[in-house]
Amino acid sequence: KQEVTQIPAALSVPEGENLVLNCSFTDSAIYNLQWFRQDPGKGLTSLLLIQSSQREQTSGRLNASLDKSSGRSTLYIAASQPGDSATYLCAVRHSNSGYALNFGKGTSLLVTP
Amino acid sequence: NAGVTQTPKFRVLKTGQSMTLLCAQDMNHEYMYWYRQDPGMGLRLIHYSVGEGTTAKGEVPDGYNVSRLKKQNFLLGLESAAPSQTSVYFCASRWPGHPGEAFFGQGTRLTVV
């Protein structure tokens, strides 16, 4: 069974800092990897989707990288803002199952003014 | 665009009562999923469907039933609710294959007393 781990579980940074969230997975035979944002009491918002053949994806201040061979992905947030405070979830779709996403437990980010 | 819509958003049930959660998507997606999210457990797959008229069990299917009579709707039923089913339930949908980005609803917060 694919295990997805996110480190750290919680992170607090001052506004303006660049930060990196980590995601690791045990089985490198993935189809794609998706990063989500979840605000308290809300649903999941898709941030970035990386296909297994890609190395990175960028959207605004967000950059996600993928190293399939080592089973790792990172989400880089540049010039963090208080509005970035949320829980960030990493999810992996395995090549063989093809159907569902396996989720990590998330990193809770707090950006202080 | 409505995307993925879940009904209801909140519900309190007594032990032994039954209810149905409705998920509707307007993106003509083939695949639909039901997840539950619990503190410290992350998101876990309950059931999923790869097309109209099909359903399959996920990681934690016991105590739940599903139906996909129409392509745009995926129903999750609790026949006899138990306190252990207190959770936040999320529905998701996506196209099969590439790119395969998953979209989530806003969640249903269910409390069983």
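One can find the structure itself at the top, above this paragraph.
Model, not experiment: these values are computed from the prediction.

### Things to note about the interface of chain B and chain A
Where interface size is quoted, it is often the accessible area lost as the parts come together.
Okay, so step 1: Every contact between the two is made by 24 residues of chain B and, on the other side, 21 residues of chain A.
Okay, so step 2: Taken together, both faces of the contact between chain B and chain A bury some 1,700 Å²; the carbon and sulfur share is 54%.
Okay, so step 3: Its largest share of buried area at the contact with chain A, chain B owes to Leu-43, Glu-101 and Phe-104 of chain B, together 24% of the area lost on that side.
Okay, so step 4: Counting the contacts that link chain B with chain A gives 0 salt bridges.
Okay, so step 5: Counting across the interface, chain B meets chain A through 6 residue pairs in polar contact (both at pLDDT 80 or more).
Okay, so step 6: Per-class residue counts for the side of chain B that touches chain A are 12 nonpolar, 8 polar and 4 charged.

### Some details on unusual backbone geometry
Okay, so step 1: The linkage connecting Ile-7 of chain A with the following residue, Pro-8 of chain A, adopts the cis geometry, with an omega of -5°.
Okay, so step 2: As for its position among the elements, Pro-8 of chain A is in the loop between β1 (4-7) and β2 (10-14).
Okay, so step 3: The omega torsion across Thr-7 of chain B and Pro-8 of chain B is -5°, close enough to zero to call that bond cis.
Okay, so step 4: Examined against the element boundaries, Pro-8 of chain B turns out to sit in the loop between β1 (4-7) and β2 (10-13).
Okay, so step 5: The residue Ala-79 of chain A is not glycine, and still its phi comes out positive at about 45°.
Okay, so step 6: In this fold, Ala-79 of chain A is placed in the loop between β8 (72-77) and β9 (86-94).
Okay, so step 7: In this structure Ala-79 of chain A comes out as partly exposed when scored by relative accessible area, which is 36%.

### Remarks on the packing of aromatic side chains
Okay, so step 1: By the definition in use, this model includes 8 aromatic pairs over all chains.
Okay, so step 2: Note on Phe-103 of chain A and Phe-104 of chain B: the rings are 5.8 Å apart at their centroids and 85° apart in plane angle, and the pair reads as edge-to-face. Residue Phe-103 of chain A is found in strand β10 (residues 101-103), and its partner Phe-104 of chain B is found in strand β10 (residues 103-104); the two belong to separate chains. Of the two residues, Phe-103 of chain A and Phe-104 of chain B, both sit in the buried class.
Okay, so step 3: Pairing Tyr-33 of chain B with Tyr-35 of chain B gives two aromatic rings, centres 6.2 Å apart and planes at 35°, and the pair type is tilted. Each member of the pair, Tyr-33 of chain B together with Tyr-35 of chain B, is buried.
Okay, so step 4: Ring pairs connect the aromatic residues Phe-36 and Phe-103 of chain A together with Tyr-33, Tyr-35, Tyr-48 and Phe-104 of chain B, which therefore count as one cluster.

Thresholds, definitions, all that
- Residues numbered from 1 in each chain as written.
- Chains lettered and ligands numbered in written order.
- Predicted model: local features only at pLDDT ≥ 70, side-chain atom pairs only at ≥ 80, totals over all residues.
- Heavy atoms only, no water.
- Contact = heavy atoms within 4.5 Å.
- Buried area = accessible area lost by both parts, 1.4 Å probe.
- Salt bridge = Lys/Arg side-chain N within 4 Å of Asp/Glu carboxyl O.
- Polar contact = N/O pair within 3.5 Å; in protein donor to acceptor, adjacent residues only side chain to side chain.
- Nonpolar A, V, L, I, M, F, W, Y, C, P; charged D, E, K, R; others polar.
- Helix = DSSP H or I, 4+ residues; strand = E, 2+ residues; numbered from the N terminus.
- Buried < 20%, exposed > 50% of the residue type's maximum accessible area, 1.4 Å probe, protein only.
- Phe/Tyr/Trp six-rings, centres within 6.5 Å; stacked < 30°, edge-to-face > 60°.

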